[in-house]
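# Secondary and tertiary structure notes
For reference, the chains in residue letters:
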Amino acid sequence: MDGNCSDFDWDTEDELEIENFGPPYSSGVTHAHEEAVVGSAEASSASSSSCKVIDHFVGMGFSKEQVAKAIEENGEENTNLILESLLQCPAKESSLPSSSNSKVIDHFIGMGFSEELVVKAIQENGEGNTDSILETLLTYSAIEKSPAKQHIDSDHSSDVEGSLMEDFSDFDSLSETEEIANPDSDEESRLLFLTKMGYTEEEASAAIERCGPDSTIAELTDFICAAQMAKAADSLFPIEVYPRPKPSSNDELKLKKRQFDNNPWKSKKQMRLEMSEDDEALHLPNPMIGFGIPTDPCHVTNRILTESAIGPPYFYYENVALAPKGVWNTISRFLYDIQPEFVDSLYFCASARKRGYVHNLPIENRFPLVPLPPHTIKEAFPLTRKWWPSWDSRTKLNCLQTCIASAKLTDRIRKALELHDGDPPESVQKYVIDQCKKWNLVWVGRNKVAPLEPDEVEMLLGFPKNHTRGGGISRTDRYKSLGNSFQVDTVAYHLSVLKEIYPQGVNVLSLFSGIGGAEVALHRLGIPLKNVVSVEISEVNRNILSSWWEQTNQKGKLLHIEDIQQLEDNKIEQLMSHFGGFDLIVGGSPCNNLAGSNRYHRDGLEGKDSALFFDYVRILDSVKRLSPVR
DNA sequence: GTAATAATGATGGGGAAA
DNA sequence: TTTCCCCATCATTATTAC
């Protein structure tokens, strides 16, 4: 039976369309030279309004049947009441008009059960008997949940010290060898990088001339910093870090370095030593739960934001936690010295994802997305239980990346295991486990491991099924786009505080949108998207977001911009004037030059792509400057 | 031409052992 | 305190298949 389920699961990937979204595209999509507007759905015919309301909530993760029932109870107009009703519905309803297998599956998936479990339960009980199916599913969940809970709780019961990541100033001494080494970069690229950081060309070339052709970026920025301090000492001294006057955009960037130190008379060597110390001081929390997670929400109740950091507009920045040394100090420094919040998504779903988030959102009264996603591998992929060997103790997957294991590797593993009856020797176990962890392989048969399918990755990351499927995207690109995206439940938990602040919805400037993780998170939270300006270089990703926007019948406008470097001050001003400002600036800049998987160009924030972080800063500064004074 | 496939270490944190 | 080992990691490139 499980074998049949397996067949169903894998084969349907190419054969069947599971209906997650109902209506066909109705609104027009116009493509301008550099940008495209996806119009609102309001213009389309009124006769399908009920269908649209259903789709709206289905897109948030509820089942069609649940939604239909809620509409019946509360009326079609009052979406708030419908949502309220859905949120209170404890996945107990089972009176659905079962017209197709797909609908039954959707129904139970909408309740929060995994597809594999649902398929298995349907096969056990028959499609018509929904009561029995539900009972089976609840039994499976009860069995699986208890050990999972214990695992999570025990993970962080030992470490609650209140002062999580509080300290930015440790005192370990470091030698000068801690500088950023960049032997490959020539003078021109260093010049470019420094100007990108906000320094003038004159400052940059003067620094290169003064420090020599072999100087590192760290030395050069130190030099410029010292020069700026000397220049500003008489007017700004003593520097008051909090609050400080609101500078213009360019001044802002230059000042960030400056405000990091409070004594402009220190020698260059002293400054460099202290910067290295700061680099060292920014440590990752263990457990990596940031300012709190749903099961443990009260670690940090207050934090201090500088005057210039306080929203609105609110902003949310994301990147990989395990970046090269010093990167997060730089990121924090350029984002108003806000302390990054490091969170591992394994506390939100069944796969790890260690990320740092810098934001000025409130951190109290957060709430998680519902339905809660599966928290263990077995919950997420129940069919693997049958084949999971006792010596593979994994309960969580590692980080979902952009590539999957080769067929040759899974073949090598199969052959290595087939040499032995029963449990293999420890050396073979270690080899297999190492590879399984490295490539996130799951057990799909006797001696048989396999990489995850794209739709399984979508589920783990909190996206609707088939979010990245079809419309011209290749399977390879699906893995890539998904690997580069947010974990929706994690991000949604942080963004949930906006619901109370903006009950009427938000205008969003979404930078490096990718496949729309932030948009999906806000939508699933029930925060209306008034207008979204999305900046995304990849055409397939833009298409994915457009499709989702139309299929979820968003009321507002979606505006696409391809190249972030083309989004300059005048354009930002124009957009803000048109949409009435932005409430939220959200995005994660390219990580490929920071990520550990990159064997070739792990160049830090100086890297070709990761340097676009400074465009995020530039645009954020512009939006803040152009926003009305609070 | 695109898509799929397979092979390609280094970095840095954490913790045990010396 | 230092050294060593274990472990995870939003990827890139070259080659082959279509």
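Per an unreviewed UniProt entry, chain A is named DNA (cytosine-5-)-methyltransferase, and its organism is Rubroshorea leprosula. Listed in UniProt under the heading Subcellular location (unreviewed entry), the comment for chain A reads: "Nucleus".

## As for the overall build of chain A
What chain A contains, in helices and strands, is 24 helices and eleven strands. The 630 residues of chain A split such that 44% are buried. For chain A, restricting intrachain contacts to residue pairs at least 6 apart in sequence, the fraction spanning at least 24 positions comes to 73%.

## A short note on the environment of Ile527
The topology assignment puts Ile527 in the loop between helix 21 (517-525) and strand 9 (529-535). Classification of Ile527 by C-beta neighbours within 10 Å gives buried; the count is 24. C-alpha separation for the pair Ile527 and Lys499, spaced 28 residues apart in sequence, amounts to 5.6 Å. Aside from chain neighbours lying at most four places away, what touches Ile527 is Leu498, Lys499, Tyr502, Gly505, Val506 and Leu522.

## Topic: the packing of helix 17 (residues 454-461) against helix 18 (residues 475-483)
Closest axis-to-axis distance for the helix 17/helix 18 pair is 10 Å, and the angle between their directions is 15°. Taken as axis vectors, helix 17 and helix 18 run roughly parallel relative to one another. Note that helix 17 runs across helix 18; the crossing there is left-handed. Between helix 17 and helix 18, the contacting residues are Pro454, Val457, Glu458 and Leu461 on the first element and Arg475, Arg478, Tyr479 and Leu482 on the second. Across the contact of helix 17 with helix 18, the residue classes break down as five nonpolar, no polar and three charged.

## Thoughts on the protein's contact with DNA strand C
Taken together, 25 residues lie near DNA strand C, and Asn398, Thr402, Gly588, Gly596 and Ser597 sit nearest. Among the elements of the structure, strand 3 (314-320) and helix 16 (426-439) are those that each provide at least two residues to the surface near DNA strand C. Considering every element that reaches the surface near DNA strand C, the biggest residue donor is strand 3, with three residues. Each residue belonging to the surface near DNA strand C can be placed in one class, and the counts come to eight nonpolar, twelve polar and five charged.

## Looking at the packing of helix 15 (residues 407-418) against helix 16
Between helix 15 and helix 16, the least distance of the axes is 10 Å, while the angle of their chain directions is 155°. Relative to helix 16, the element helix 15 is oriented roughly antiparallel. Here the hand of the crossing between helix 15 and helix 16 comes out left-handed. Across the interface between the two elements, Leu409, Ile413, Ala416 and Leu417 from helix 15 touch Val428, Tyr431, Val432, Gln435 and Trp439 from helix 16. Across the contact of helix 15 with helix 16, the residue classes break down as eight nonpolar, one polar and no charged.

## Some words on the protein's contact with DNA strand B
Near DNA strand B you find 17 residues, and of these Ser406, Ala407, Ser474, Arg475 and Thr476 are the closest. Those elements that place two or more of their residues in the surface near DNA strand B are helix 15 and helix 18. Counting residues per element, the surface near DNA strand B draws most heavily on helix 15, at three residues.

## Focus on helix 13 (residues 327-334)
Because the α-helix completes a turn every 3.6 residues, residues three or four places apart line up on one side. The element helix 13 is extensively covered by neighbouring structure, given that seven of its eight residues are classed as buried. Those residues of helix 13 that fall on the buried side of the exposure criterion are Val327, Trp328, Asn329, Thr330, Ile331, Ser332 and Phe334. Residue Tyr336 follows helix 13 closely and has a positive phi angle near 60°.

## What to know about the confidence of the model for chain A
Note: predicted coordinates in regions of low pLDDT should not be interpreted at a detailed level. Considering every residue of chain A, the mean pLDDT works out to 75; 60% of them sit at 70 or more. Across residues 1-34, where pLDDT falls below 50, the model places 59 contacts with residues more than four positions away in sequence or in other chains. Counting contacts from residues 90-100, a segment whose pLDDT is below 50, to residues more than four positions away or on other chains yields 15 contacts.

## What to know about the UniProt feature "active site" (unreviewed entry) in chain A
Within this numbering scheme, the UniProt entry marks Cys591 as carrying the feature "active site" (unreviewed entry). Of note, Cys591 is situated in the loop between strand 11 (584-588) and helix 24 (613-626). Looking at Cys591, the number of C-beta atoms within 10 Å reads 23, which means it is buried.

## Focus on the environment of Leu419
Tracing the chain through its elements places Leu419 in the loop between helix 15 and helix 16. Measuring from C-alpha to C-alpha, the distance between Leu419 and Trp549 comes to 52 Å, with 130 residues separating the pair along the chain.

## Here's the deal with the pairing of strand 10 (residues 557-561)
With four of its five residues buried, strand 10 lies for the most part within the structure. Strand direction decides the pairing type here: strand 9 and strand 10, joined by five bridges, are parallel. The residue bridging Ser534 from the neighbouring strand is His560, located in strand 10. Note that the unit made of strand 9, helix 22 (residues 539-551) and strand 10 has a crossover that is right-handed.

## Quick word on the nonpolar core
With 104 residues, the main nonpolar core has Tyr316, Ala521, Leu584 and Ile585 as its most contacted residues. With six residues, the single largest contributor to this core is helix 24. With seven residues, the next largest nonpolar core counts Val58, Phe62, Ile71 and Ile82 among its residues.

## A word on unusual backbone geometry
Cis rather than trans, the peptide bond between Asn286 and Pro287 has omega equal to 5°. The linkage connecting Gly311 with the following residue, Pro312, adopts the cis geometry, with an omega of 0°. Relative to the helices and strands, Pro312 is located in the loop between helix 12 (268-281) and strand 3. Despite not being glycine, Asn466 shows a phi value in the positive range, around 70°. Residue Asn466 is classed as partly exposed on the basis of its C-beta count, with 19 C-beta atoms lying within 10 Å.

## Observations concerning the environment of Tyr502
Note that Tyr502 resides in the loop between helix 20 (498-501) and strand 8 (506-511). Separated by 26 residues in sequence, Tyr502 and Pro528 have C-alpha atoms that sit 8.6 Å apart. Not counting residues up to four positions away in its chain, the partners in contact with Tyr502 are Ile527 and Asp583.

What counts as what
Residues numbered from 1 in each chain as written. Chains lettered and ligands numbered in written order. Predicted model: local features only at pLDDT ≥ 70, side-chain atom pairs only at ≥ 80, totals over all residues. UniProt positions renumbered as here; feature names shortened; annotations may be inferred. Helix = DSSP H or I, 4+ residues; strand = E, 2+ residues; numbered from the N terminus. Buried ≥ 20, exposed ≤ 12 C-beta atoms within 10 Å, placed from the backbone. Contact = placed C-beta atoms within 7 Å. Axes fitted to C-alpha atoms, helices over the stretch in contact; angles between N-to-C directions. Parallel < 35°, antiparallel > 145°, perpendicular 65-115°, else oblique. Left-handed = near helix turned anticlockwise from the far one by under 90°. Nonpolar A, V, L, I, M, F, W, Y, C, P; charged D, E, K, R; others polar. Near = placed C-beta within 6 Å. pLDDT = per-residue confidence, 0-100. Pairing = 2+ DSSP bridges. Right-handed = clockwise from strand over helix to strand, strands pointing away. Core = buried A, V, L, I, M, F, W, Y, C linked by C-beta atoms within 7 Å.

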